[in-house]
Amino acid sequence: MLRVEGLTVHHGPVAAVVGLDLEVRPGEAVALLGANGAGKTSTLAAISRLVAATSGTVRLDGRPLGRRGADQVARLGLLHVPEGRRVFSTLTVHENLLVAGSARGRRGGGRRAGRALLDEVYDLFPMLAALRDRPGWALSGGEAQMVAIGRALMGMPRVLLLDEPSLGLAPTVVDAVYAALARIRERVPLLLVEQDSARAFELCDRAYVLRSGRLALAGTAAGLRGTPKLVAAYLT
Ligand SMILES: Nc1ncnc2c1ncn2[C@@H]1O[C@H](COP(=O)(O)OP(=O)(O)OP(=O)(O)O)[C@@H](O)[C@H]1O
Ligand SMILES: [Mg+2]
């Protein structure tokens, strides 16, 4: 589904990720874990082409992404919900969802497909249906996170990348977001960056753990959860 080989990411002189291999197979939810600054965000940003200074190969369904930019990669179905839950502040919830449909590009079906996707998003996040005319700037953090995930779903993801969807949210809101992710993962493979490894292990089948930009550990959620090896990988 998604295969990354030898990924290296530089921010100027800083090597944020070095020689990373990872894979997300059909039907899988995979966690990408690690301490602050380990290179998790840089990895997702490189996969979705939000940062350009990378080497290595990213394949979607066996096809290398080559030099495609972020928009083109999104049109292929590789959709990224970045950290900071960005939504358009002057657009309403509904408008935010509608404009995100452009990522479907030629895969997208017509208006009917768009309506069906909207219904799915509102079904997944019933709270948003009541807020559909509210502008982005007036949303709480949790509401904005739901819109950000909903926007990615409007693009009909083949693989969904999520960067710390629970960051800064109240526990009950995190529960709502993760309940939605549990439903989403039934049909879309996920690559999830999460600080809270316990949450990640509840949702995911496998995990990769980064330390200072390199792969420190990989394995099944059941095999890694709570192990001393996992704790050690967080200590730099
Ligand atoms: N735009 C940037 N310019 C320079 N250095 C950067 C930039 N973004 C990240 N870095 C550096 O790259 C390394 C990896 O950062 P990255 O944000 O990928 O880590 P992370 O695992 O997502 O961390 P966090 O848990 O804090 O979100 C860090 O050393 C960071 O300081
Ligand atoms: Mg990060």
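You'll find the structure just up there.
Note that the structure is a prediction, hence the values are computed from the model and not measured.

> Quick question: what am I supposed to make of the overall build of the protein here?
Secondary structure assignment for the protein yields 10 helices and 10 strands. For 236 residues, the compact-globule formula gives about 18 Å, and the C-alpha radius of gyration of the protein, at 17 Å, lands near that figure. Based on the C-alpha atoms only, the size of the protein along its principal axes is roughly 45 × 40 × 35 Å. The burial tally for the protein puts 41% of its 236 residues in the buried class. Once local pairs closer than 6 in sequence are excluded, the contacts in the protein between residues at least 24 apart make up 70%.

> Looking at this structure, how should I read the site of ligand 1?
Around ligand 1 lies a shell formed by His11, Gly12, Val14, Ala16, Gly34, Asn36, Gly37, Ala38, Gly39, Lys40, Thr41 and Ser42. Among the elements of the structure, strand 2 (14-24) and helix 1 (40-47) are those that each provide at least two residues to the shell around ligand 1. If one sorts the elements of the shell around ligand 1 by residue count, helix 1 sits on top with three residues.

> Just checking my understanding: could you explain the pairing of strand 7 (residues 159-163) for this structure?
Every regular strand shows the same layout, with side chains that alternate between the two sheet faces. Across the five residues of strand 7, five count as buried, placing the element largely inside the fold. Side chains Val159, Leu161 and Asp163 project from strand 7 onto one buried face, and the interleaved Leu160 and Leu162 project onto a second face that is buried too. Note: strand 7 against strand 8 (residues 190-193), four bridges, orientation parallel. Along strand 8, the bridge assignment pairs Asp163 with Val193. On the question of chirality, the crossover connecting strand 7 to the parallel strand 8 by way of helix 7 (residues 171-184) is right-handed.

> Looking at this structure, I do not really get the nonpolar core. What am I missing?
Note on soluble globular proteins: their nonpolar side chains tend to be buried together. Core analysis: the largest hydrophobic core is formed by 66 residues, its most contacted members being Leu161, Leu191, Leu192 and Ala207. Element by element, the count of residues in this core is highest for helix 6 (residues 141-154), at eight residues. Beyond its immediate sequence surroundings of up to four residues, Ala207 is in contact with Val30, Ala31, Leu33, Ala200, Gly219, Ala221 and Leu224.

> Even after reading the chapter, I still don't get the sheet that holds strand 9 (residues 206-211), so can you show me in this structure?
Hydrogen bonds between backbone groups are what pair the strands of a sheet, and the pairing can be parallel or antiparallel. Strand order in the open sheet made by the six strands is 6-7-8-3-9-10, with mixed pairing throughout. Each having just a single partner strand, strand 6 (78-81) and strand 10 (214-220) make up the two edges of the open sheet. Each neighbouring strand pair of the sheet contributes to a mean axis angle of 15°, computed without reference to strand direction. Looking at chain direction, strand 3 (residues 29-34) and strand 8 are connected through four bridges and run parallel. Across the sheet, residue Leu32 finds its bridge partner in strand 8, namely Val193. Against the sheet, helix 1 makes contact with strand 3, strand 6, strand 7, strand 8 and strand 9, and its axis sits at roughly 150° relative to strand 7, the strand it touches most.

Analysis parameters
- Residues numbered from 1 in each chain as written.
- Chains lettered and ligands numbered in written order.
- Predicted model: local features only at pLDDT ≥ 70, side-chain atom pairs only at ≥ 80, totals over all residues.
- Helix = DSSP H or I, 4+ residues; strand = E, 2+ residues; numbered from the N terminus.
- Rg over C-alpha atoms; globule rule 2.2 N^0.38 Å.
- Buried ≥ 20, exposed ≤ 12 C-beta atoms within 10 Å, placed from the backbone.
- Contact = placed C-beta atoms within 7 Å.
- Near = placed C-beta within 6 Å.
- Pairing = 2+ DSSP bridges.
- Right-handed = clockwise from strand over helix to strand, strands pointing away.
- Core = buried A, V, L, I, M, F, W, Y, C linked by C-beta atoms within 7 Å.
- Axes fitted to C-alpha atoms, helices over the stretch in contact; angles between N-to-C directions.

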